[in-house]
Amino acid sequence: MHVVRMGVLGCASIAFRRVLPAMQEAKGIELRAVASRDPAKARVFAEHFGCAAAAGYEDLLAREDIDAVYVPLPTGLHAYWVSRALEAGKHVLSEKPLTWDRSTALDLVDQAQKAGLWLMENYMFLHHSQHETVRGLVAEGRIGAPRVFSASFGIPPLAPADVRYDPGLGGGALLDVGVYPIRAASYFLGPELDVIGSVLRLHPDRGVDVAGHILLATPAGVTAELSFGFEHSYRSWYALWGDRGRLTLDRAFTPPPARQPLIRIESQDHAEELTLPADHQFKNIAEFFARSILTGAHYEPQARAITHQAELVDRVRSNAVRVIA
């Protein structure tokens, strides 16, 4: 196999705007078919991206010319269709989060491992080179010993009918934007983070959380303070604060492909700005997914990342002080 033949389960906006165009650019991927509950929508996608329109999700999974599927469905539908795709012998790239609870995530990872298939969450920001640069700067001692990681991801209120306000489909700010700072904290501070406390602000009518704050800590006492929500001016940012300086990065989670990231490093008597090359995180993760399948890459690191993230999200939810406002 020299190319991964992809199918798409669901015609979500992010698929149309970001992921499918990136797959068309990516090496090692060939987009073969799309499916939707609405056949007309599938035909629009198929015509735009030059692929086939399947008759439905099951029809796409039955196709022998599909090796892997991308699942951009609402969170509450991921578990069923990811499991069905794995049963059909397809590798899976699922939009984040994989599921809305830890036990289901563990079941899906176990199913993938037993079938010898790749199951991956689409945390695309991890595949932007700016974060590896930040890790390198921290490792060089540019801010000294890290003491605090801070991150925020907030967006303005959504349209009233947006699916992310639907509790039955895995709605809520924690699962949509809160998972980004949580995953970033693990990326920089390691897998031993624990949840010290959290606050979730609930919408009085919709039954979902619309904002929150989380405090995590490593066994050595390095802390992570994370904020997120659906009722904010836009912010996508993180900072690492050490005993000798502080490093900050804006547009940390959603940089456009043409944007040149700007890292700012500040110490007591010095401030420095580093401009980095632009990078295309959507294309990068698509190529990583395809390359991992084509080369038979070791899957265990992905399994650990999925399960650790699911455990942290579950602990955030179970530890949360809930406020209705």
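Further up the page is the structure itself.
Residues numbered from 1 in each chain as written. Predicted model: local features only at pLDDT ≥ 70, side-chain atom pairs only at ≥ 80, totals over all residues. Heavy atoms only, no water.

**Here we look at the sheet that holds strand β7 (residues 146–154)**
Spatially, the nine strands line up as an open sheet ordered β14-β13-β12-β11-β7-β10-β9-β8-β15, and their pairing is mixed. Two strands in the sheet have a free side with no partner beyond their single neighbour: β14 (270–275) and β15 (320–324). If you compare each strand with its neighbour and ignore which way they point, the axes differ by 10 degrees on average. In this sheet, strand β11 (residues 235–242) lies alongside β7 in antiparallel orientation, the contact comprising eight bridges. (Pairing = 2+ DSSP bridges. Helix = DSSP H or I, 4+ residues; strand = E, 2+ residues; numbered from the N terminus. Axes fitted to C-alpha atoms, helices over the stretch in contact; angles between N-to-C directions.)

**Some remarks on the environment of Ile196**
As for its placement among the helices and strands, Ile196 is situated in strand β8 (residues 194–202). Separated by 148 residues in the primary sequence, Ile196 and His48 place their C-alpha atoms 47 Å from one another. What Ile196 contacts, discounting residues up to four positions off in sequence, is Leu215, Leu216 and Ala217. (Contact = heavy atoms within 4.5 Å.)

**So, helix α9 (residues 300–319)**
With 20 residues, α9 extends 28 Å from end C-alpha to end C-alpha; this agrees with the ideal 28 Å at 1.5 Å per step. Where α9 is concerned, the buried positions are Gln302, Ala303, Ile306, Thr307, His308, Gln309, Ala310, Leu312, Val313 and Val316. (Expected span 1.5 Å × (residues − 1). Buried < 20%, exposed > 50% of the residue type's maximum accessible area, 1.4 Å probe, protein only.)

**What about helix α1 (residues 13–25)?**
For α1, spanning 13 residues, the distance from its first C-alpha to its last is 18 Å, which sits close to the expected 18 Å at 1.5 Å a residue. Taken as a whole, α1 has its buried residues at Ala15, Val19, Leu20, Ala22 and Met23.

**Quick notes on the pairing of strand β10 (residues 223–229)**
Relative to β10, β7 runs parallel, the two being bridged by seven bridges. Its bridge partner being in β10, Ala151 is matched across the sheet by Leu226. Bridge analysis of strand β9 (residues 209–217) against β10 gives seven bridges, and the strand direction is antiparallel. If you follow Leu216 over to β10, its bridge partner there is Ala224. Between the end of β9 and the start of β10, which pair antiparallel, lie five residues, with Gly221 showing a positive phi angle near 90 degrees.

**Some remarks on the environment of Gly10**
In this structure, Gly10 sits in the loop between β1 (4–9) and α1. When the C-alpha positions of Gly10 and Pro72 are compared, they lie 5.9 Å apart, and in sequence the two are 62 residues distant. Excluding its chain neighbours within four sequence positions, the residues that come into contact with Gly10 are Ala35, Tyr57, Pro72 and Leu73.

**Some words on the packing of aromatic side chains**
What the rule picks out here adds up to 21 aromatic pairs. Where Phe16 meets Phe49, the ring centres are 5.4 Å apart and the plane angle is 75 degrees; that geometry is what we call edge-to-face. Residue Phe16 is found in helix α1, and its partner Phe49 is found in helix α2 (residues 39–49); the two are separated by 33 residues along the sequence. For Phe49, a relative accessible area of 6% corresponds to the buried category. Measuring from centroid to centroid gives 6.2 Å for Trp118 and Phe288, while their planes differ by 75 degrees, and the two rings are edge-to-face. In this pair, Trp118 is assigned in the loop between α5 (102–115) and β6 (119–121) and Phe288 in helix α8 (residues 281–295), connecting sequence segments 170 residues apart. Each member of the aromatic cluster is reached from another via a ring pair, and the members are Tyr123, Phe125, Phe149, Phe153, Tyr180, Tyr187, Phe188, Tyr234, Tyr238 and Phe253. When the ring centre of Tyr187 is taken as reference, the NZ or CZ atom of Arg135 above it lies at 3.7 Å. Across the ring face of Trp237, the terminal group of Arg235 is positioned such that the distance to the ring centre comes to 4.1 Å. (Phe/Tyr/Trp six-rings, centres within 6.5 Å; stacked < 30°, edge-to-face > 60°. Lys NZ or Arg CZ within 6 Å of the ring centre and 35° of its normal.)

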